[in-house]
Amino acid sequence: MRTRTNRFSRFHLLLIVAVVLSLVAAACSSDDSTETSAPSATTAPSSDTTAPSTDTTAPSTDTTAPPDDDVNNPGVYVHAADDDPLSLDPAGVAAGEAGETIILQTYDRLVEIGPGGPDLIPGLSTAVPTVENGGISADGLTYTFPIREGVTFHDGSTLTADVVKFSWDRALEMDLPEGNSSILADLVDSTSVDGNNFVVTLKDRNAAFLNSVVTAAVASIVSQEGVEANGGVVAGQPNEFFSSDVIGSGPYTLGAWNRGENIQLDVFDDYWGEPAKLDVRIEQVPDDDVRTLGLRAGDFDSIETDPTFVTDIEGAEGVTIFAEGWLLEPVHIGLNLDIREDLLPDGDTVPADFFHDPRVRRAFNYAFNYDNFVEGGLSGQGGVVPHYLPQGMLAYDDSLPRFETDLAEAERLFTEAGWWDDGFEMTVLVEEGGIFEVAGLVLKDSLESLNPNFRINVAAVVEVQFDDAHAAVPFEYATWIKNADPFADPAALFAAYIHPDGEWGDVHKFRNGYQDADGIAALIEEAAVSVDTDRRVEIYQELTQLLFDDPMWVIPGNEKALMAHRSWVQNFTMNPLWPRPSLKFALFDK
Amino acid sequence: MQIREYIIRRVMILPLILVGTSLIVFTLGRVGGNPIAIYLEHEMTPDEVAQIEERYGLNDSLPEQYFAWAGGVLRGDLGYSGVLAAPVMDVLPKRLAATLELSVASAIVAVSLGIALGTFAGARRNRLPDHLTRVFAISGAATPIFWFAIVLLIIFWVNLGWFPVGRSEPEIFESISHPTGVYTLDALLAGSFTAFRDAIWHLILPAVTLGYGATAIITRMMRSSLAEELNEDYVDAARAKGLPERLVLRRHARRNALIPTVTVIGLGFGFLLQGSVVVEIIFIWPGMGRWMADAVLRGDQATIMAYVLFTSILFLVVNLVVDVVYAYLDRRVVLGS
């Protein structure tokens, strides 16, 4: 008996040793080969340096790494995302929310932002309205959209101008607080139908109406029959059906939404335009490491990519990194001009009027180590932004003034403002992990190494805590860091971030600090309604100079538009003006 | 006290425990953050925030809110999960089934391997097999789950391509009905070998990852218990009677050594449920843990409250089952005394 037991033990011992050795051997043998076998996509980015529009006709992938012979998941494009939608209803989705990208793929709008940049292309309107083609009235208030014929919705119903009007009116009537209908309500005076034309009359002229409003998710066209058959329109109440289902006219139908797991989009065979080639599955993969591993394994065709882990995938076999163009959402360090000393975190010593002095704001801008942030936080995948126009936006020019690290100038300004000898302590609020926390640490390092009397505490909190604090009025911190909302037109950017009475101007009380608040406001308002592009460019460049002298933010940098994808994906392109992940899957093949 | 009487008594006091638990859960839900944080955006005006508060009944007094919530729970309405954009009760059965499937698979790995290795080592005290088993067990207890999971993924997913992540191949998963929500069971009920193989294939890596840590604890406990039992007089008596060593081990020593081990296994099930949060995130497993982690990070209070209430109930039931099993294995135990 004892002999049997011993045989048993030897067998199992050998088995265990064999398993352990095979695991060790597999672990040691494989990964290095993939690291060295392919040229780095970011060191040889020749293919991806072409304009995005070129990428739609010539695959960006072919010259950076040879396509693999075997394509995983044939017929299905798999994208690994890091966020799940809260709603799929165009009337109920917030700007920047994950549902926007599903709406982008499954609904159409009257005009669309093309793949090559900010240029508009016809959508359900057969023409992009201009003054020249008569689509925009001479006074700039009336827009006429000729509605495309022969368009069917996913439920088989037909598109008409009346359906378009119904769709816009629905969003306005529902007026959901979590939705984005306010961008329609703020501008639109009335909607009407004239034959097969949809006519919009604005309350006031607005230069960004087409780029920022008509192309927005809330302006997507829904099936009227679908709405009426599924709960209709109730003011102030979300529509349960459309919150989780789709009846649009886009190139994809909603196949399935396995919440928190994946979203499947099926090719819509009756699509009026160029049909999509691949079905789509968007996998919810919250962990960065797993997304990068999945891309390397070939199970994901593209992944939500962050500069902080680009080095993990550089050079991986069969992987290309698309790094072309810029995100229109530069990182911002907010300077609070409405500090409530009793609300500040313990230890903060900055007074209520700390940032009222433009010398202090300029000193912060000169003290910040931009190179450290761009090379470290953004892994070199970004750049410094002029104060205040990001790269790629109307009126951007390389010659616009931008802050560079100048410690002597920072010292001079802090001394003049009276803070150099006494010093200060303050807390900067950031969301933990990622580039925002890095920006906070760079700010801390920049100021504390400049002067030991300066002390910066980086309060890195989880997303929900940050969002809660970020939405609080009055704001309970002296500074905070996040990226700007992406805007296609500077009018919306300046209204939200620069106007003394705008979204952030109101919260941070910019009027407490601007040297000429009314002058800045007047320029922003003029540029917002002007239809003369040259004049708009002139105004924004003038504003940029004013804001360089009187900054309300520190802008650590801006990310390049960045997406890692399998090299077998053909026609890959992305446009930062499309909702995250800035992809239109209908363009792709593999 | 007879087992049946004990069970009845425990079940009768369950409602009182649940009321206490629900009060704690509700209070924590209110002090733990803004109940509608997940729906708030910076751009919202105070009027818009007020609209959302009204929609979710937050304008009522706290007692009214509690009774509305508790009433909903009694009617089977646990609220609306913001992170999954669906009523909690629509999602919970599927998520629970996924987590239980993973936990049970992990438990099978942990219990079978842990008892086998513990017995193996306990019967060979202070010899090489015992030392090797100890190394294996201590490594399991000391290795962080997230690191072990990533290592397994690098080896078996990325490099070897043997095992996938996720719970299923969507096409295969959708090819069968899911009356229980447990994929392996549903595949068997549907008579689909393809689906069953798909389910097992997706289960192996997360189950091994999750089970490894628990294996270590069970192995050590089993080894120690068995070593003690083998020194007992009744074991010597059995040997003196001429009983083969194999039967001494299996029929006498191991059975008694299992008693403390079963207690550890019961507690280990809680470990598996907690550990499943990390494993579900890394292996893209659509279970309760991943759902909960997402809810916590995004401030989805309805989901958090539902989860805490539900797991409280689960622990109460598991504890009851462990007590009963304990009594069954050791007749000397007097329940309720």
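Residues numbered from 1 in each chain as written. Chains lettered and ligands numbered in written order. Predicted model: local features only at pLDDT ≥ 70, side-chain atom pairs only at ≥ 80, totals over all residues. Heavy atoms only, no water.

Okay, the overall build of chain B next. The helix and strand inventory of chain B stands at 13 helices and two strands. Projected onto its principal axes, the C-alpha positions of chain B cover 85 × 55 × 40 Å. Counting over 337 residues, chain B shows a buried share of 48%. Carbon and sulfur atoms provide 65% of the accessible area of chain B, an area that totals close to 16,000 Å². (Helix = DSSP H or I, 4+ residues; strand = E, 2+ residues; numbered from the N terminus. Buried < 20%, exposed > 50% of the residue type's maximum accessible area, 1.4 Å probe, protein only. Areas by Shrake-Rupley, 256 points an atom, 1.4 Å probe, with all protein chains shown as cover.)

What follows concerns the pattern of salt bridges. A side chain with one charge can pair with a side chain of the opposite charge if their charged atoms come near. Residues and elements named next belong to chain B. A complete count under the given rule lists 33 salt bridges over all chains for this structure. Across the pair Arg239 and Glu245 runs a salt bridge whose closest N-O atoms are separated by 2.9 Å. The closest approach of N and O atoms between Arg298 and Asp294, which form a salt bridge, is 3.9 Å. One end of the pair is Arg298 and the other is Asp294, both in helix α12 (residues 288-298) and four residues apart, which spans about a single turn. (Salt bridge = Lys/Arg side-chain N within 4 Å of Asp/Glu carboxyl O.)

This part covers the domain arrangement of chain A. All names here are of chain A. Domain annotation of chain A identifies domain 1 (10-23 + 327-559), domain 2 (65-82 + 251-325 + 561-590) and domain 3 (88-243). Measuring from the centre of the C-alpha atoms in domain 2 to the corresponding centre in domain 3 gives 27 Å. With 24 residues of domain 2 at the contact, the number on the domain 3 side is 24 residues. The tally of links between domain 2 and domain 3 comes to one salt bridge. Lys584 serves as the salt-bridge partner of Glu112, at 3.6 Å between the closest nitrogen and oxygen. Along the contact surface separating domain 2 from domain 3 lie eight residue pairs in polar contact (both at pLDDT 80 or more). Listed by contribution, the elements that provide at least two residues to the side of domain 2 that touches domain 3 are β7 (252-258) and β8 (262-267). Looking at the side of domain 2 that touches domain 3 element by element, the count peaks at four residues for β7. Looking at the side of domain 2 that touches domain 3 residue by residue, the classes come out as 18 nonpolar, three polar and three charged. (Domains from an automatic or database assignment. Contact = heavy atoms within 4.5 Å. Polar contact = N/O pair within 3.5 Å; in protein donor to acceptor, adjacent residues only side chain to side chain. Nonpolar A, V, L, I, M, F, W, Y, C, P; charged D, E, K, R; others polar.)

Looking now at the interface of chain B and chain A. Residue-level contacts link 48 residues of chain B with 54 residues of chain A. For the pair chain B and chain A, the summed buried surface comes to about 4,300 Å²; carbon and sulfur atoms form 61% of the total. Here chain B is connected to chain A by two salt bridges. In this structure, the salt-bridge partner of Glu178 of chain A is Arg55 of chain B, at a minimum N-O distance of 2.7 Å. The interface formed by chain B and chain A includes nine residue pairs in polar contact (both at pLDDT 80 or more). Elements that contribute at least two residues to the side of chain B that touches chain A include exactly α2 (46-55), α4 (88-122), α6 (145-159), α7 (170-174), α11 (245-282) and α12 of chain B. Residue contributions to the side of chain B that touches chain A peak at eight residues, all from α6 of chain B. Across the side of chain B that touches chain A, the residue classes break down as 28 nonpolar, six polar and 14 charged. (Buried area = accessible area lost by both parts, 1.4 Å probe.)

Residues and elements named next belong to chain A. Counting 87 residues, the largest nonpolar core has Phe364 and Phe414 as the members making the most contacts within it. Looking at this core element by element, the count peaks at seven residues for helix α14 (residues 434-450). In this structure, Phe364 is in contact with Leu335, Phe354, Phe355, Phe414, Phe424, Met426, Leu443, Leu447 and Val554, ignoring residues within four places of it in sequence. Core analysis: the second largest hydrophobic core is formed by 69 residues, Leu124, Ile147, Phe209 and Phe588 among them. (Core = buried A, V, L, I, M, F, W, Y, C linked by side-chain atoms within 4.5 Å.)

How two aromatic rings sit relative to each other is set out by the distance from centre to centre and by the angle between their planes. All names here are of chain A. All told, the structure shown has 49 aromatic pairs over all chains when counted by the stated rule. Residues Phe354 and Phe364 carry aromatic rings whose centres are separated by 6.1 Å and whose planes lie at 85° to one another, so their mutual orientation is edge-to-face. One end of the pair, Phe354, is in the loop between β12 (331-335) and α11 (358-367); the other, Phe364, is in helix α11, with 10 residues separating them in the sequence. For the residue pair Phe354 and Phe364, the accessibility class agrees, reading buried in each case. Three or more aromatic residues link up through ring pairs in this structure, and these residues are Phe354, Phe355, Phe364, Phe414, Trp419, Trp420, Phe424 and Phe454. (Phe/Tyr/Trp six-rings, centres within 6.5 Å; stacked < 30°, edge-to-face > 60°.)

Residues and elements named next belong to chain A. Taken in spatial order, the three strands line up as β4-β6-β5 in an open sheet, and their pairing is antiparallel. Of all the strands in the sheet, just β4 (142-146) and β5 (188-194) have a single pairing partner and so form its edges. Strand after strand, the sheet turns through a mean of 20° between neighbouring axes, direction not considered. Along the sheet, helix α4 (residues 161-174) makes contact with β5 and β6 (197-202), crossing β5 at roughly 160°. (Pairing = 2+ DSSP bridges. Axes fitted to C-alpha atoms, helices over the stretch in contact; angles between N-to-C directions.)

Another aspect to go through is the side chain of Asn575 of chain A. Residues and elements named next belong to chain A. Inspection of the secondary structure assignment puts Asn575 in the segment after β17 (553-566). Using a relative accessible area of 2% as the deciding quantity, one classes Asn575 as buried. Setting aside anything within four residues of it in sequence, one finds Asn575 in contact with Ile113, Gly114, Pro115, Gly116, Gly117 and Ser582.

Residues and elements named next belong to chain A. Along the polypeptide, Ser87 turns up in the loop between β1 (76-81) and α3 (99-106). From its side chain, Ser87 meets the backbone nitrogen of Asp89 in a polar contact 3.1 Å long. Ignoring anything within four residues of it in the chain, the contact list for Ser87 reads Gly92, Val93, Glu97, Gly99 and Ser243.

On to the environment of Arg412 of chain A. All names here are of chain A. Along the chain, the position of Arg412 falls in helix α13 (residues 407-417). For the pair Arg412 and Ala363, spaced 49 residues apart in the sequence, the C-alpha separation amounts to 8.1 Å. A polar contact is formed between the side chain of Arg412 and the side chain of Glu409, at a distance of 2.7 Å.

Turning to the packing of helix α9 (residues 288-297) of chain A against α6 of chain B, a few remarks are in order. Interhelical geometry of α9 of chain A versus α6 of chain B gives an angle of 15° and a closest axis separation of 10 Å. Relative to α6 of chain B, α9 of chain A is oriented roughly parallel. For the pair α9 of chain A and α6 of chain B, the crossing hand works out as right-handed. In this structure, α9 of chain A contributes Asp289, Val290, Leu293, Gly294, Arg296 and Ala297 of chain A to the contact, and α6 of chain B contributes Ile150, Leu153, Ile154, Trp157 and Val158 of chain B. Looking at the contact of α9 of chain A with α6 of chain B residue by residue, the classes come out as eight nonpolar, one polar and two charged. (Parallel < 35°, antiparallel > 145°, perpendicular 65-115°, else oblique. Left-handed = near helix turned anticlockwise from the far one by under 90°.)

With eight of 11 residues buried, α12 of chain B lies mostly within the body of the structure. Downstream of α12 of chain B by a residue or two, Gly299 of chain B has a phi angle that is positive, lying close to 70°.

Below, the discussion takes up unusual backbone geometry. Cis peptide bonds are those with omega within 30 degrees of zero, and the linkage from Val473 of chain A to Pro474 of chain A qualifies with 0°. The residue Pro474 of chain A is located in the loop between α15 (463-470) and β16 (479-483) in this model. Geometrically, the link from Arg580 of chain A to Pro581 of chain A is a cis peptide bond, its omega value of 5° lying close to zero. Mapping Pro581 of chain A onto the fold places it in the segment after β17. Of note, Ser582 of chain A is a non-glycine position whose phi angle comes to about 65°, a positive value. Examined against the element boundaries, Ser582 of chain A turns out to sit in the segment after β17. A residue is classified by how much of its surface remains accessible, and Ser582 of chain A, at 5% relative accessible area, is buried. We note that Ile284 of chain B has phi near 55°; this positive angle belongs to a residue other than glycine.

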